[in-house]
Each structure stands twice: as C-alpha cells, then as structure tokens.
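# Per-entry structural report
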Amino acid sequence: MISDVSFAGGAMTPFNRRKDGSSFRDWARRATRDALTDAGLQASDIDSLIVASESDFFTLQLNPAALLADECGLTGVAAKRVEGGGASGHLAVHAAVADVASGMARRVLVLGVEPSASHLRGADVGALYSLSFDAWTDGMTGVDSTSLYALSAQAFMARTGATVDDFAAVAVRNRAHARANANAHLQLDITAQDVAASPVVASPYRRLDCSPLSDGAAAIILARTADLPARSGRARFRAAASATDTVRLGERHDPGFFAGKQRAAQLAYAMAGVTAADIGVAEVYDSYSGAQLQALQALGLANSRALAAERDGYFAADGMVPVNLSGGLLGQGAPVGATGVAQILAAALQLEGRYFGRQAQNQPRFALVDTHGGIATSNAVSILEAP
Amino acid sequence: MKHHLGLDYTIPVGDLAPYFEALQAGNALASACGKCGHVAFPARAQCGACGATDLRWKPLTGRAQILFRTDAASSSYALVKFDGADSSSTVGLCNPEQKTSSGRLAVPIGDAAGLWLTLTDNKGEEDER
C-alpha cells in the first residue's frame, strides 16, 4: 500500500483542436501555473518535473522535459520524460508517486502535454500511430489504431454478445457527460441514431465511436501531506500499478480481452487493500466506445459482469459506479501525454468534492483511474482515496 | 512556423532476417520453439509462450483463415490464422472486394515488411491483384 502520497493540486487547459495560434509551450505554462495556484505552491517549491509526451514527432522537440522546465519557470529541478503510448500521462504519474513515496523528491509536478491535433495532418498522425503497435509487422501494413481496435472489439462482441447498440450507448453517454465539462473537446448532444448514421471508420466503429485527436495540457502536483500547505480534504494515492500484454493482438489467448489491464487492476486492488466492489467512481480509457466496455470487464467492476451492468445503468452518472463523468477520451478528448494526467486530476477532484464538471453524487470513497497504450498493451491503474 | 521533416530509415532486422527474407519472396516462415513447440507467425526471436530462445525455422503453406475482418473506406484488415501456426496474425487485405474467409500470403507491396493476404475463392484460387 502507498502510505503517504497526496494530491496537492492540479489543472488542465481545455482539450480541443487549437485554432488560436497558441503552442504546446503556452498550454504547458498555463497548466503548470494553474496547478501551482491550485496547490497553493510556488515554482520554487517544486523539486522534480516529470513530463509526459507520447511522441517527439508531435512536438518536434526532443528532450522536452528540460525544455519545459525552462519554459515553465522550473529551471534547476530534476526533469525527465515518461513515455508509454496512450498511457504516457498515467505512467508519468506513477513515476511521481514512486519519487514521492521513496523520498527521492518532495514535491513533484507531472506535466502532460501533446499537440496531437494541430501540428500535423490527421493522416500523418494516423501514420505515426500505426507505429504504436509492432512497427515491423502491423506498422508496415499501415494499419491504423481504429482497425486494430475494431478487430479486438469484434472478438469481444463474438465472446460476450455485445452489440453496436451497446457501443453507441457509451458514445452517447460520455459525450453527454462532456457537456458539463468546460474543458471538453466534444460536448455533443447526440443520440444512438446519430452514432449509427456517422461514417464507418473501420467496422464496427463509426466516427462517433472514436475519440478525437486533441491538443492540450494537464498538470498535477504530488507530495507527502507534511510537505504541503495546510488544507483539508486531500485525495491520496492508495495504488499505482501497471502491467503489459503482448504487443501483437494475434498472440493473445483472446484478442478481445484486455488481459494486461486485468493484471494491472488486480495488482492495484491488492496494493490498495480493496476490491473492485469498493470502487465508487472511475475514469476509464475509452479511446473507442467498445474499448470502454472491454476495459470495464477487465477491471472487474460490477462483479465482472460489465456488459449486463452497462445495460442496467450501473455505470451511468446516477448508477452505482459512475464512469467517465469527465466525458472520457470520447468527450473530453485525448491529447495523448495529457490524457492520463487529466484522468487522475478528474478522479482526485471528484473525491475532494470539487470537480469542475459533473460531480459524482454517490460520495465515493475510492476512485479508479485506468489508462492504456496500444491495444491495452501498456496498462496503468491507480486507486485514489477520498479525504 | 512551417517545417518539413523527411526521414528515410534503414532498419536492420537482426535475428529475424530469415523471416523477413522469406516474406519478401511471398513465403511464410514461422518460428517454432524447441522447448514448448509453439509455432509463431509472424516469427519471433524468443518464444512468446515460454520465453525460450531455442527456436528453429518452420515453413508454412502461406494459407490462412480469417477470424475477424474490418473494412474501412480505403483499406481492410483482418486477424487471421495461418495454417500450421499457433498464434494469429494481423494482415492487410490485398483484394478486400473479395468476401471469402480464406487467403494466401502475398508478397509485400514495395519494400514494406508487413503481412498481406490475397483472399481466394472457395476453390482456393486467387483473384487478380
């Protein structure tokens, strides 16, 4: 169990496709400044910066941690960059948890940032993403993320009986949650019919089943409670666990089941000394609508009866375990390096009762955050506890 | 600010060279584990099932059955099982207009090293590429 790693504060910029001429350096500065303000700290209080950014090809900036330390008024701190595909932001948070828990650092600022939308054409981003899998095999065919997720989803559907209607329900609900989130990319008022009428991207996935490419930044600060200004009601980390699966979908026993995520979740429950039944709110990696259901199944929520629970409203905003009240990737958006940091931010603020979007009404004691890279290849799960 | 970045990579493939050389000739060369017998295609340099490094090369027929298939506007991909392999493989479909469920390994287009499948009719005959 993690004994004393507290959420000091955090902030995020809006996630969207920037058309205002601002740069990722601007977003990073803003998120850092607002996180420091939220935590009641000064830049000089930070002794370690961990940057999450998926690809140098997005930023066109190698060694971004040192650059962003300089840009954000943190020159002199220890600075490093963590990368783990879609899980980069969450894995950076895990690195910060380890630094604080071990005493390697007192106050760590985690800064996730990615210009996933505005720097390159969508086709070029897609070509880069195809290298997120086994670049020597999958990547060389030019296969895109959506196609690989679609193949995994089909395997999931074949085994569980999930349908495109189930997927559409997730796509609609997460966008509805996003409407309460001023930082969300896609605050859409849509119906299942709209999802069904949107263009096919890779069957069974249609455009509205897919999360967007987004720009943005998010920052959080972690520290031991004694190293923070006095205030009541800090969320604390209870678990930070990660696990991998085979990179190639075809080498998995069941290509529709996220076994690496299940392993990460089981490790996290054990680390926190809780069970899935103790989780009261969750931010889950929904890069695609069906992937949310696959994730919920692997995480063991609703007694591992995710599909039936989904149909019963268990994961709705007024359900037993509200999922993705932020809107998730489908609604809030996905600037890759910032995604996991923003998920943690949302969970911590939910537990502290001061979330800027739709607040959970069930007064959760524990929140689960789930992020992955690849097709649930690199998996990160955290469990936070309410004050 | 505008910037163009053009990069040409030359990537040595190391221990997997026989697999990639066979692929360029349109042949399926799997790796077979000397310890547990697991046959992997695409080939691996270390067994994915037991971790052993005692591998030998095993030619496959190149014929495959489709497990799952996804179609987009400009491309189609499938998860397939090559005859003789224990693992399945992600392939690009050369002739997606064909709706049959089996096919044969194709020579990669250009210098690309990925797996491509030409779908065949029920008699096992290939359409024109």
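These figures come from a predicted structure and were not determined experimentally.

Attention shifts here to the overall build of chain B. Summing up its helical and strand segments, chain B has one helix and eight strands in all. Element order for chain B, N to C, with α for helix and β for strand: α-β-β-β-β-β-β-β-β. Seen along its three principal axes, the alpha-carbon backbone of chain B occupies a region of about 50 × 45 × 25 Å. Within chain B, the fraction of its 129 residues that count as buried is 45%. Partitioning the intrachain contacts of chain B with sequence separation of at least 6 by distance along the chain shows that 42% fall at a separation of at least 24. The averaged location of the 14 negative side-chain charges in chain B is 6 Å from the averaged location of its 12 positive side-chain charges.

All names here are of chain A. Where helix H4 (residues 88–102) contacts helix H13 (residues 336–352), the axes come no closer than 5 Å and their chain directions differ by 60°. Judged by the angle between their axes, H4 and H13 are oblique. Counting all contacts with H4, which are made through Ser88, Gly89, His90 and Val93, the residues of H13 involved are Gly337, Gly340, Val341 and Ile344. Of the residues contributing to the contact of H4 with H13, the split by class is three nonpolar, five polar and no charged.

Excluding glycine, a negative phi dihedral is what most residues carry, and trans is how most peptide bonds are arranged. Cis peptide bonds are those with omega within 30 degrees of zero, and the linkage from Ser203(A) to Pro204(A) qualifies with 10°. Residue Phe41(B) is joined to Pro42(B) through a cis peptide bond whose omega torsion reads 5°. At Asn303(A), a position not held by glycine, the phi torsion is positive, near 60°. Looking at the element boundaries, Asn303(A) is found in the loop between helix H10 (289–299) and helix H11 (306–311).

A few words now on the packing of aromatic side chains. Enumeration over the complete set of coordinates arrives at ten aromatic pairs over all chains. On the numbers, 5.8 Å between centres and 75° between planes, the contact of Trp136(A) with Phe20(B) is edge-to-face. Of this pair, Trp136(A) sits in the loop between helix H5 (122–129) and helix H6 (145–160) while Phe20(B) sits in helix H1 (residues 17–24), which puts the two residues in different chains. Summarising the aromatic geometry, the rings of Tyr149(A) and Tyr288(A) are spaced 4.5 Å apart at their centres and angled 40° between planes, so their arrangement reads as tilted. Remark: Tyr288(A) occurs in the loop between strand E9 (279–283) and H10 and Tyr149(A) occurs in helix H6; sequence separation between them is 139 residues. Residue class for Tyr149(A) comes out buried when judged on its relative accessible area of 4%. For Tyr288(A), a relative accessible area of 8% corresponds to the buried category. In this structure an aromatic cluster arises from ring pairing among Trp136(A), Tyr19(B), Phe20(B), Phe41(B) and Phe82(B).

Here is what the cut-offs are and how they apply
- Residues numbered from 1 in each chain as written.
- Chains lettered and ligands numbered in written order.
- Predicted model: local features only at pLDDT ≥ 70, side-chain atom pairs only at ≥ 80, totals over all residues.
- Heavy atoms only, no water.
- Helix = DSSP H or I, 4+ residues; strand = E, 2+ residues; numbered from the N terminus.
- Buried < 20%, exposed > 50% of the residue type's maximum accessible area, 1.4 Å probe, protein only.
- Contact = heavy atoms within 4.5 Å.
- Lys, Arg positive; Asp, Glu negative; His and termini not counted.
- Charge placed at Lys NZ, Arg CZ, Asp CG, Glu CD.
- Axes fitted to C-alpha atoms, helices over the stretch in contact; angles between N-to-C directions.
- Parallel < 35°, antiparallel > 145°, perpendicular 65-115°, else oblique.
- Nonpolar A, V, L, I, M, F, W, Y, C, P; charged D, E, K, R; others polar.
- Phe/Tyr/Trp six-rings, centres within 6.5 Å; stacked < 30°, edge-to-face > 60°.

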